[in-house]
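Report on the structure
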Amino acid sequence: MAHTLVSTDFNFPGQDSVYHGKVRDVYTLDNGLLVMIATDRISAFDVVLPEGIPYKGQILNQIAAYFLDATAHAVPNWKLAVPDPMATVGVKAEGFRVEMIIRGYLTGSAWREYAAGAREICGVKLPEGMKENQRFPEPIITPTTKAEAGHDENISREEIIARGIVSAEDYEVMEKYTRTLFEIGSKMAADKGLILVDTKYEFGKVGDKVILIDEIHTPDSSRYFYADGYAERFAAGEPQRQLSKEFVRQWLIENGFMGRPGEKVPEMTPEVCESISQRYIELYEHLTGEKFVKADESDLSRRIETNVLDCLSNVEL
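These notes cover the structure that comes with them.

What counts, and where the lines are drawn
- Residues numbered from 1 in each chain as written.
- Predicted model: local features only at pLDDT ≥ 70, side-chain atom pairs only at ≥ 80, totals over all residues.
- Heavy atoms only, no water.
- Pairing = 2+ DSSP bridges.
- Helix = DSSP H or I, 4+ residues; strand = E, 2+ residues; numbered from the N terminus.
- Axes fitted to C-alpha atoms, helices over the stretch in contact; angles between N-to-C directions.
- Contact = heavy atoms within 4.5 Å.
- Parallel < 35°, antiparallel > 145°, perpendicular 65-115°, else oblique.
- Left-handed = near helix turned anticlockwise from the far one by under 90°.
- Nonpolar A, V, L, I, M, F, W, Y, C, P; charged D, E, K, R; others polar.
- Expected span 1.5 Å × (residues − 1).
- Phe/Tyr/Trp six-rings, centres within 6.5 Å; stacked < 30°, edge-to-face > 60°.
- Buried < 20%, exposed > 50% of the residue type's maximum accessible area, 1.4 Å probe, protein only.
- Lys NZ or Arg CZ within 6 Å of the ring centre and 35° of its normal.
- Salt bridge = Lys/Arg side-chain N within 4 Å of Asp/Glu carboxyl O.

Quick look at the pairing of strand β1 (residues 15-20) now. In this sheet, strand β2 (residues 24-29) lies alongside β1 in antiparallel orientation, the contact comprising five bridges. Counterpart to Ser17 in the pairing with β2 is Thr28. Where β1 folds back onto β2 in an antiparallel hairpin, the turn is made up of three residues.

Right, dumping it as structure tokens:
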């Protein structure tokens, strides 16, 4: 099986700090730049699983770059360069402690709340009589706070502003950008026979300018339905065919794991990891319309370090 990168320990010139997230490692430099490494780690139910998935980091990094480039004309973002298939170099922004989740359809956690009787989510009122996977009249924004640890929490626009988490002016820009990105992403998905169901965006500030940060429209941050058969499945009350990492969560559920106390992650054999890798490659090719080209993975850390150092010596802010 291919080599995987599940941890990093780089020391780039001018390095101030490093943040190890669930999937990405972010290196902050003293010149206003960030180096974001997309590792092969995979998480589900807020748990990082014990085995890496071959080529997953490359896939997510390249999907994110594809969509950042495709939306840069409409919404400014942090990306400056992709020196390595698993690394992106960009501008450091002061991140807002809010994730902007936008939903075009009633599914996932929103459906579970609705089915339990909720008719308002994050201050957004929902119509009566909706069914699972039904399209909203207009996409709704349901923000969450970004928790330092544990689960993120739903929060309303009004509460975000009242608590001073984001100013009213900045929130207005974030909301406008969220709707713009979702509209572009939905059109791009439709061109590939897909429906962009819901996704999340993160924003930060450089000086007085609000910019898009982190990843965008990847299967780790977004849910897609196949457009073909959507209407028939919805009418029959059947589950929709999804293009997301939902298949990983389903495999875990079928093997008795949902991240609850006392539960054990099922054994991730090489065959399981390889099958997940193949699904991610399919996701990449369907989302971008491009053939996935596997990068050399014989010495991932050395390759990334060499490529990033070369970029940092040439990149201009």
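Taken together, five strands build an open sheet; the order of strands is β1-β2-β3-β7-β6 and the sheet is antiparallel. Of all the strands in the sheet, the pair left with one neighbour each is β1 and β6 (79-84). In this sheet, adjacent strand axes meet at a mean angle of 20 degrees when their direction is disregarded. With five bridges connecting them, strand β3 (residues 33-38) and strand β7 (residues 87-91) associate as antiparallel partners. Note that in β7 the partner of Val35 across the bridge is Val89. Against the sheet, helix α1 (residues 56-71) engages β2, β3, β6 and β7, with an angle of about 150 degrees to β6. Sheet strands touched by helix α8 (residues 300-312): β2, β3, β6 and β7. Its angle to β6, the strand with the most contacts, is close to 140 degrees.

With that settled, consider the packing of α1 against helix α7 (residues 270-288). Viewed as axis vectors pointing N to C, α1 and α7 meet at an angle of 15 degrees, and their least axial separation amounts to 10 Å. For the element pair α1 / α7, the angle class is roughly parallel. The element α1 and its partner α7 pack so that their crossing is left-handed. From α1, Lys56, Ile59, Leu60, Gln62, Ile63, Tyr66 and Phe67 reach across to α7, where they touch Ser277, Tyr280, Ile281, Tyr284, Leu287 and Thr288. Looking at side-chain class alone, the contact of α1 with α7 contains nine nonpolar, three polar and one charged residues.

End to end, α7 covers 27 Å across 19 residues, agreeing with the expected 27 Å (1.5 Å per residue, within 8%). Looking at the buried side of α7, the elements it contacts are α1, β14 (194-206), β16 (222-226), β17 (242-243) and α6 (246-254). Two residues or fewer after α7 comes Gly289, characterised by a positive phi angle close to 75 degrees.

In this section: the packing of aromatic side chains. One pass over the full model with this rule turns up 14 aromatic pairs. Centroid distance Phe45 to Phe257: 6.5 Å. Interplanar angle 70 degrees. Geometry classified as edge-to-face. Of this pair, Phe45 sits in the loop between β4 (43-44) and β5 (47-48) while Phe257 sits in the loop between α6 and α7, and the two are 212 residues apart along the sequence. You can call Phe45 partly exposed: its relative accessible area is 24%. Note on Phe257: relative accessible area 3%, which makes it buried. In textbook terms, an aromatic cluster arises when at least three aromatic residues are bridged by ring pairs, as seen for Tyr105, Phe225, Tyr230 and Phe234. Lying over the aromatic face of Tyr114, Arg119 brings its terminal NZ or CZ to 3.7 Å of the ring centre. Directly above the ring of Tyr226 sits Arg241, whose terminal nitrogen or CZ lies 3.9 Å from the centroid.

A few words on the pattern of salt bridges. Note that side chains of opposite charge can pair when their charged atoms are close. Summed over the entire model, instances satisfying the criterion amount to 19 salt bridges. The partner of Arg24 in a salt bridge is Glu215, and the shortest N-O contact between them spans 2.2 Å. Taken together, the positions of Arg24 in strand β2 and Glu215 in the loop between β15 (209-213) and β16 put the pair 191 residues apart, joining distant regions of the chain. Given a relative accessible area of 12%, Arg24 falls into the buried group. Of the residues examined, Glu215 reaches a relative accessible area of 5% and is grouped as buried.

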